Amino acid sequence: YQIPDGANEIPGTQKGNACEEANEQSKESTGFTSTSASPRIDTTAILSGVKRTVLSKNFKGGDAVNVFGGTEINLTQADIEGMAVLDVVVVFGGLKLTVPPNWEVRNNVITLFAGVEEKRNAQVQGVSPVKVLLITGTAIFGGIDIRNY
């Protein structure tokens, strides 16, 4: 039995290698990059990656969920008054937080076969007790990096 020409094509598509086209679309859609001026951030990365830059001058916190995925959150252009709370869930994934050097960062993350590593410059001067980022949540078989560069 022979398949008639064009029988394996998807209607509305052009001829070509469907596997190659799907692979290229997959590469383009596995990551998400954006900039936000919102005072809250909510990201979810499941088998994918997310990069987010926060520009809000009144950052309040948010949620970051990673399951077999990774998220990079850049807060260096944001500002807070008082305390902002970022709740995280990292399962077999990673979270990289880049924070301004003058913020105080408090870590209340529960870890199970995971780690939270503070990679901020040890000689940071002028940390403001008025600008506090509280990180809460859970990390299981994953990692969280906190840095200011």
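Cut-offs and rules
- Residues numbered from 1 in each chain as written.
- Predicted model: local features only at pLDDT ≥ 70, side-chain atom pairs only at ≥ 80, totals over all residues.
- Heavy atoms only, no water.
- Helix = DSSP H or I, 4+ residues; strand = E, 2+ residues; numbered from the N terminus.
- Buried < 20%, exposed > 50% of the residue type's maximum accessible area, 1.4 Å probe, protein only.
- Contact = heavy atoms within 4.5 Å.
- Areas by Shrake-Rupley, 256 points an atom, 1.4 Å probe, with all protein chains shown as cover.
- Patch = residues over 30% accessible without salt bridge, like charges linked within 9 Å, V, L, I, M, F, W, Y side chains within 5 Å.
- Salt bridge = Lys/Arg side-chain N within 4 Å of Asp/Glu carboxyl O.
- Pairing = 2+ DSSP bridges.
- Polar contact = N/O pair within 3.5 Å; in protein donor to acceptor, adjacent residues only side chain to side chain.
- pLDDT = per-residue confidence, 0-100.

A. Broad picture of the overall build of the protein. Each helix and strand counted, the protein has one helix and eleven strands in total. Put simply, the protein runs from its N terminus to its C terminus through helices and strands in the order α-β-β-β-β-β-β-β-β-β-β-β. Relative to its 149 residues, the protein shows a buried fraction of 32%. If you take every contact in the protein between residues at least 6 apart in sequence, the share linking residues at least 24 apart comes to 58%. Accessible surface for the protein amounts to roughly 8,900 Å². Of this, 54% is attributable to carbon and sulfur atoms.

B. View of a nonpolar patch on the surface. Taken together, the side chains of Ile 46, Leu 47, Phe 68, Phe 92, Leu 112, Phe 113 and Phe 141 define a hydrophobic patch exposed on the protein surface, amounting to about 800 Å² of accessible area. Here Phe 141 shows up in the loop between β10 (128-140) and β11 (143-147).

C. Region of the structure containing the environment of Ile 46. With respect to the element layout, Ile 46 can be found in strand β2 (residues 40-46). With 22 residues separating them in the primary sequence, Ile 46 and Phe 68 have C-alpha atoms 5.8 Å apart.

D. Representation of unusual backbone geometry in the model. Positive phi, normally seen in glycine, also occurs at Leu 47, with a value near 55°. Structurally, Leu 47 can be placed in the loop between β2 and β3 (49-54). Overall, the relative accessible area of 65% leaves Leu 47 in the exposed class. Even without being a glycine, Phe 92 presents a positive backbone phi close to 50°.

E. Fine view of the environment of Pro 39. Summarising the element assignment, Pro 39 is placed in the loop between β1 (31-36) and β2. Looking at Pro 39, the relative accessible area reads 36%, which means it is partly exposed. With 40 residues separating them along the chain, Pro 39 and Asp 79 place their C-alpha atoms 9.5 Å apart.

F. Looking closely at the pairing of strand β5 (residues 70-74). Of the two faces of β5, only one is covered, namely that formed by Thr 71 and Ile 73; the face formed by Gly 70, Glu 72 and Asn 74 stays uncovered. Bridging between β3 and β5 involves five bridges; their strand directions are parallel. Bridging from a neighbouring strand, Lys 51 pairs with Glu 72 of β5.

G. Representation of the side chain of Asn 66. With respect to the element layout, Asn 66 can be found in strand β4 (residues 61-67). Only 2.4 Å separates the side chain of Asn 66 from the side chain of Thr 71, close enough to count as a polar contact. Those residues in contact with Asn 66, other than ones at most four positions away along the chain, are Ala 45, Thr 71, Val 89, Val 90, Val 91, Gly 94 and Leu 95.

H. Local environment of the confidence of the model for the protein. With 73% of its residues at a pLDDT of at least 70, the protein reaches an overall mean of 81. For the protein, per-element mean pLDDT is lowest for helix α1 (residues 18-29), which scores 39, and highest for strand β7 (residues 94-98), which scores 97. Note that residues 10-30 has pLDDT below 50 and, in this model, seven contacts with residues that lie over four places away or in other chains.

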